[in-house]
Amino acid sequence: MAKAIPRIGSRRNGRIGSRKNARRIPKGVIHVQASFNNTIVTVTDVRGRVVSWSSAGTCGFRGTRRGTPFAAQTAAGNAIRTVVDQGMQRAEVMIKGPGLGRDAALRAIRRSGILLTFVRDVTPMPHNGCRPPKKRRV
């Protein structure tokens with residue numbers, strides 16, 4: 001049985017150093033998606049490539065605690081801590097969703113020291129599109 005020859009330029013064994021630390025990002029976009037069950041914070045560069053992300057679930061919150069403002073604050077702090085180390089100074093903030101973590105995540109972003117150029121609400125609003133689900137009877 002012939003031995004497999006390891007390829008020199010293969011994707012698996014080619015990456016030894018971490019590529020994330022190599023990029024320096026002066027300006028970026030922070031996306032906050034706040035649903036009732038979870039809050040996801042994604043930091044991208046200006047072109048839209050993801051640099052860092054965090055959510056209330058990855059921070060260790062489980063169940064109903066993921067939807068709390070404190071969980072959103074922790075998730076935003078974790079996502080931003082890595083990009084501040086990479087040199088991000090200015091950012092735009094896009095907030096989506098109706099959850100409790102909207103304001104808490106924005107407060108954590110403001111406290112991080114990044115200069116915010118603008119804050120925009122990008123929650124999708126239907127112009128009388130699909131029929132909504134029937135009301136719950138509890």
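Note that the structure is a prediction, hence the values are computed from the model and not measured.

### So, the nonpolar core
And then number 1: One finds Ile-30, Val-32, Val-41, Met-88, Val-93, Ile-109 and Leu-116 to be the most contacted residues of the largest nonpolar core, which totals 23 residues.
And then number 2: Those elements giving two or more residues to this core turn out to be strand E1 (27-34), strand E2 (39-45), helix H2 (69-85), strand E4 (90-96) and helix H3 (101-111).
And then number 3: Looking at this core, the element that brings in the most residues is H2, giving six residues.
And then number 4: Excluding its chain neighbours within four sequence positions, the residues that come into contact with Val-32 are Thr-39, Ile-40, Val-41, Met-94, Ile-95, Lys-96, Ala-105 and Ile-109.

### Side note on the environment of Gly-60
And then number 1: Along the chain, Gly-60 falls in the loop between strand E3 (50-55) and H2.
And then number 2: Once the C-alpha coordinates of Gly-60 and Thr-74 are considered, the two residues, 14 residues apart in sequence, prove to be 9.8 Å apart.

### As for the confidence of the model for the protein chain
And then number 1: Here the protein chain averages 87 in pLDDT, and 85% of its residues register 70 or above.
And then number 2: Ranking the elements of the protein chain by mean pLDDT puts helix H1 (residues 11-14) last, at 54, and E4 first, at 95.

### Side note on a nonpolar patch on the surface
And then number 1: Where nonpolar side chains cluster on the molecular surface, the patch consists of Ile-40, Val-50 and Trp-53 and spans about 290 Å² of accessible area.
And then number 2: Secondary-structure assignment places Val-50 in strand E3.

### What to know about the side chain of Thr-39
And then number 1: Relative to the helices and strands, Thr-39 is located in strand E2.
And then number 2: With sequence-adjacent residues up to four places away left out, Thr-39 is seen in contact with Val-32, Gln-33, Ala-34, Ser-54, Ser-55, Ala-56, Arg-66, Ala-72, Ala-75 and Gly-101.

### Digging into the sheet that holds E2
And then number 1: Taken in spatial order, the five strands line up as E3-E2-E1-E4-E5 in an open sheet, and their pairing is mixed. Looking at the sheet topology across the chains shown, the edges are occupied by E3 and strand E5 (115-121). For this sheet the average axis-to-axis angle between neighbouring strands, irrespective of direction, equals 15°.
And then number 2: Alignment of E4 against E5, held across six bridges, turns out to be parallel. Looking across to E5, one finds that Met-94 is bridged to Arg-120.
And then number 3: Relative to the sheet, H2 contacts E1, E2 and E3, its axis offset from that of E3 by approximately 155°.

### Considerations on the packing of aromatic side chains
And then number 1: Within the structure shown, the criterion is met by one aromatic pair.
And then number 2: When the ring of Phe-61 is compared with that of Phe-70, the centres are 5.9 Å apart and the planes differ by 85°; the resulting orientation is edge-to-face.
And then number 3: Judged by relative accessible area, which is 53%, Phe-70 ranks as exposed.

### Here's the deal with the packing of H2 against H3
Packed helices, taken two at a time, are described by the angle between their axes plus the distance between the axes.
And then number 1: Orientation of H2 relative to H3, taken along the N-to-C sense of each, is 35°, at an axis distance of 8 Å. With respect to the hand of their crossing, H2 and H3 are arranged in right-handed fashion. Of H3, the residues touching H2 (which contributes Pro-69, Ala-72, Gln-73, Ala-76 and Ile-80) are Gly-101, Ala-104, Ala-105, Ala-108, Ile-109 and Arg-111.
And then number 2: Residue composition of the contact of H2 with H3, by class: eight nonpolar, two polar and one charged.

What counts, and where the lines are drawn
Residues numbered from 1 in each chain as written. Predicted model: local features only at pLDDT ≥ 70, side-chain atom pairs only at ≥ 80, totals over all residues. Heavy atoms only, no water. Core = buried A, V, L, I, M, F, W, Y, C linked by side-chain atoms within 4.5 Å. Buried < 20%, exposed > 50% of the residue type's maximum accessible area, 1.4 Å probe, protein only. Helix = DSSP H or I, 4+ residues; strand = E, 2+ residues; numbered from the N terminus. Contact = heavy atoms within 4.5 Å. pLDDT = per-residue confidence, 0-100. Patch = residues over 30% accessible without salt bridge, like charges linked within 9 Å, V, L, I, M, F, W, Y side chains within 5 Å. Areas by Shrake-Rupley, 256 points an atom, 1.4 Å probe, with all protein chains shown as cover. Salt bridge = Lys/Arg side-chain N within 4 Å of Asp/Glu carboxyl O. Pairing = 2+ DSSP bridges. Axes fitted to C-alpha atoms, helices over the stretch in contact; angles between N-to-C directions. Phe/Tyr/Trp six-rings, centres within 6.5 Å; stacked < 30°, edge-to-face > 60°. Left-handed = near helix turned anticlockwise from the far one by under 90°. Nonpolar A, V, L, I, M, F, W, Y, C, P; charged D, E, K, R; others polar.

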